[in-house]
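# Architecture and fold: a report
Read off the chains here:
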Amino acid sequence: MTRNAMMDEWYPVGLVSQLDAHGRSTALMGEPIEVKRGDDGTATVARSDGRHLPVCIRYGHVWSSLGDPQKPLFAIPEADQPGRRLVDVGVVRVRCSPLRAVENFLDIAHFPFVHTDILGSEPHTEVQNYKVEIREDEDEVWATQVRFYQPQAAKSAEGGITTEYMYRVPAPTCSILYKTCPPRPGEWDVITLFVQPLAEDLCDVWPWMALFDDETPMTDLIHFQQTIFVQDRSILENQIPGLLPLDPGMEIPTRADLTSVAYRRWLKRHGYTYGAQLVAQ
Amino acid sequence: MPAQSPAGRVALWRGRSGRVSAFADRCPHRGMRLSHGFVRGETLSCIYHGWGYAQAGNCVRIPAHPALTPPETVRVATQHVEDGGGIIWISAGEPTGGPPRFEGLAPVRSMTVEAGIVALEEATGTSIAGGLLDYTNADTSVRLLLAPESPARTLMHVLIDEDSNPDERITASRAAEALRRAAEHIERGGTGR
Ligand code: FES
Ligand SMILES: [Fe+2]
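Predicted, not measured: the structure shown is a model, and the values here were computed from it.

## As for the coordination of the iron ion (ligand 2)
Residues and elements named next belong to chain A. For the iron ion (ligand 2), the protein coordination sphere consists of His110 (NE2), His115 (NE2), Asp232 (OD) and Asp232 (OD), at 2.0 to 2.5 Å. In the primary sequence, the donor residues of the iron ion (ligand 2) line up as H-x4-H-x116-D. What makes histidine 110 buried here is its relative accessible area of 1%.

## Re the domain arrangement of chain B
All names here are of chain B. Taken as a whole, chain B is organised into domain 1 (2-91) and domain 2 (105-187). Between the C-alpha centres of domain 1 and domain 2 the distance comes to 30 Å. For the pair domain 1 and domain 2, the two sides together bury roughly 360 Å², of which 77% comes from carbon and sulfur. Run the count over domain 1 and domain 2 and you get zero salt bridges. Residue classes in the side of domain 1 that touches domain 2 are distributed as two nonpolar, three polar and no charged.

## What about the side chain of Asn4(A)?
Residue and element names in this part refer to chain A. Its place among the elements puts asparagine 4 in the segment before β1 (11-15). Overall, asparagine 4 belongs to the buried group, its relative accessible area being 11%. Among the polar contacts made by the side chain of asparagine 4, one reaches the main-chain amide nitrogen of methionine 6 at a distance of 2.7 Å. Polar contacts involving the side chain of asparagine 4 include one to the side chain of threonine 273, which spans 2.9 Å. Not counting the four nearest positions on each side in its chain, asparagine 4 is found in contact with Gly271, Tyr272, Thr273 and Tyr274.

## Here's the deal with the pairing of strand β8 (residues 85-88) of chain A
All names here are of chain A. Residues Arg85 and Val87 point to one face of β8 and are all buried, whereas Leu86 and Asp88, pointing to the other face, are not buried. Here β8 pairs with strand β15 (residues 202-211) via four bridges, running antiparallel. Within the sheet, the bridge partner assigned to aspartate 88 lies in β15 and is tryptophan 208.

## Considering the pattern of salt bridges
By the definition in use, this model includes 25 salt bridges over all chains. Across the salt bridge formed by Arg58(A) and Asp80(A), the nearest N and O atoms sit 3.1 Å from each other. Of the two residues, Arg58(A) is situated in strand β6 (residues 55-58) and Asp80(A) in the loop between β7 (61-64) and β8; the sequence distance between them amounts to 22 residues. Relative accessible area serves as the criterion here: at 54%, Asp80(A) is assigned to the exposed category. Taking the shortest distance from any N to any O, the salt bridge between Arg135(A) and Glu133(A) comes out at 3.1 Å. Within this structure, Arg100(A), Glu103(A), Asp107(A), Glu251(A), Asp257(A), Arg264(A), Arg26(B) and Arg30(B) form a network of salt bridges that share partners.

## A word on the pairing of strand β12 (residues 140-150) of chain B
All names here are of chain B. Strand direction decides the pairing type here: strand β11 (residues 133-137) and β12, joined by five bridges, are antiparallel. Paired with leucine 133 across the two strands is leucine 144, which belongs to β12. In sequence, β11 turns back onto β12 through a hairpin of two residues, with alanine 138 there showing a positive phi of about 55°. Of the pairings in the sheet, the one linking β12 to strand β13 (residues 153-161) comprises seven bridges and is antiparallel in character. Residue leucine 144 lies in a different strand from β13, and its bridge partner there is valine 158. What sits between β12 and β13 in their antiparallel hairpin is a turn of two residues.

## Examining the nonpolar core
All names here are of chain A. Core analysis: the largest hydrophobic core is formed by 62 residues, its most contacted members being Val127, Tyr167, Val205, Tyr263, Trp266 and Leu267. The element best represented in this core is helix α3 (residues 218-236), accounting for five residues. Formed jointly, this core draws a minimum of three residues from each of two domains, domain 1 (1-73) and domain 2 (83-277). Ignoring any residue separated from it by four or fewer positions in sequence, one finds leucine 267 in contact with Leu99, Pro172, Leu244, Leu246 and Tyr272.

## A word on the confidence of the model for chain B
Averaged over every residue, the pLDDT of chain B is 91; residues scoring 70 or more account for 98%. Note on the complex model: pTM 0.90, ipTM 0.94.

## Structural notes on the interface of chain A and chain B
Taken residue by residue, the interface counts 27 residues in chain A and 23 residues in chain B. Together, the buried faces of chain A and chain B total about 2,100 Å²; carbon and sulfur atoms form 54% of this surface. The largest contributions to the chain A side of the interface with chain B come from Phe113(A), Ile240(A) and Ile252(A), which together make up 30% of the buried area. For the pair chain A and chain B, the interface holds six salt bridges. Between Glu103(A) and Arg30(B) there is a salt bridge, with its nearest N and O atoms 3.5 Å apart. Where chain A touches chain B, the interface holds 20 residue pairs in polar contact (both at pLDDT 80 or more). The set of elements that each furnish at least two residues to the side of chain A that touches chain B consists of α1 (98-105), α2 (111-114), α3 and α4 (258-270) of chain A. Counting residues per element, the side of chain A that touches chain B draws most heavily on α1(A), which supplies three residues. Its residues assigned to classes, the side of chain A that touches chain B shows ten nonpolar, eight polar and nine charged.

Cut-offs and rules
- Residues numbered from 1 in each chain as written.
- Chains lettered and ligands numbered in written order.
- Predicted model: local features only at pLDDT ≥ 70, side-chain atom pairs only at ≥ 80, totals over all residues.
- Heavy atoms only, no water.
- Donors = N, O, S within 2.8 Å, 3.2 Å for Na, K, Ca; no water.
- Buried < 20%, exposed > 50% of the residue type's maximum accessible area, 1.4 Å probe, protein only.
- Domains from an automatic or database assignment.
- Buried area = accessible area lost by both parts, 1.4 Å probe.
- Salt bridge = Lys/Arg side-chain N within 4 Å of Asp/Glu carboxyl O.
- Nonpolar A, V, L, I, M, F, W, Y, C, P; charged D, E, K, R; others polar.
- Helix = DSSP H or I, 4+ residues; strand = E, 2+ residues; numbered from the N terminus.
- Polar contact = N/O pair within 3.5 Å; in protein donor to acceptor, adjacent residues only side chain to side chain.
- Contact = heavy atoms within 4.5 Å.
- Pairing = 2+ DSSP bridges.
- Core = buried A, V, L, I, M, F, W, Y, C linked by side-chain atoms within 4.5 Å.
- pLDDT = per-residue confidence, 0-100.

As structure tokens, then:
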């Protein structure tokens, strides 16, 4: 097997707030790993043979890599903006390809059917045209000017509004969503999806948020996002094939799927194929 | 509901008119299982993005683009279905005749048995004749129509005399449950009846 380009990427492996000396046994791309707080108080990530892996602490999570990351972890400038509440949502285990989990996060057309009366509702099902590009300088996938009618867009939203979104994919298993922020017009709420690939068909999903919302109790914010991801899980565990098909032929995209099309093209271009299938079967 | 056929998993559904259809259990849009979908009128809709399919398998609705008439090429594979004497039959290819009829018998219920046909035959002490397996438990006699789903799993349809009264139907159903337990015991390596 050739070395997969995804080996050298950073992945979330746990919450900083839950780090302890006892450690957390988990896995990264099929390798068992142990994440814990070392004697000097810093986080360590080690393979079962004791070899230490690179560590980075950012956005509430401990990040690591089986390979040799060539770049620092992607930037989220909003994370350092004063006045935002940073929310560790926790973990949702999903029996699906890590790439399928990201693709689902980039999709809005499913809101009325999967997140009924929360993120969407019939008859407001239309997906208007939006812009998608692969930004060459940053080497990221971006979708902008995405608009969708939402009956309850966020915990702080009362009643239905047309919400605007931007999506960004800075790493093969991470995506950042920027969303209209009802209490602060002009600012964007940030909701991220950090996916830890446990295996090609199994992942831990770690959503994280940086919001302008001083009112909603933390438990409600966490509960709201967890409800959404549990609804997505019922889809993700029932898609065929389980691995994300990167070659056209197996699936039928429409204009509403252009973010997914760009994401798949970008994955294929970089050889990010862990959790993907190349040949239509 | 999901069902198994020799051609793979199918989504079996009934439109408002009562007509039954069998679709390949995979939405051509993004691969979601159609057996998780919902029926409205004569259309089965996928639960992921709501694409709707008519009984012939052609896509009739893409909610993300309400003004678009879906192209003819967007369709899901269908299988031939027939309702014969209260039993739904699927044919893997083009059928040459109607489904078998079991004169004088009426279906009671269907159940999944975690055992293969060999174990079921051993549990009844008889073998399949005329497409049916006979099973007698105390004074109750049932006839079983078996559809293998895998080497160790069988979908079992329980039939009894069509003149049976409700009490007899309940007794027949209990007898079938006893058979299921016996066959599953044999399948797990247990012996005898
Ligand atoms: S996967 Fe069925 S409608 Fe999208
Ligand atoms: Fe979703």
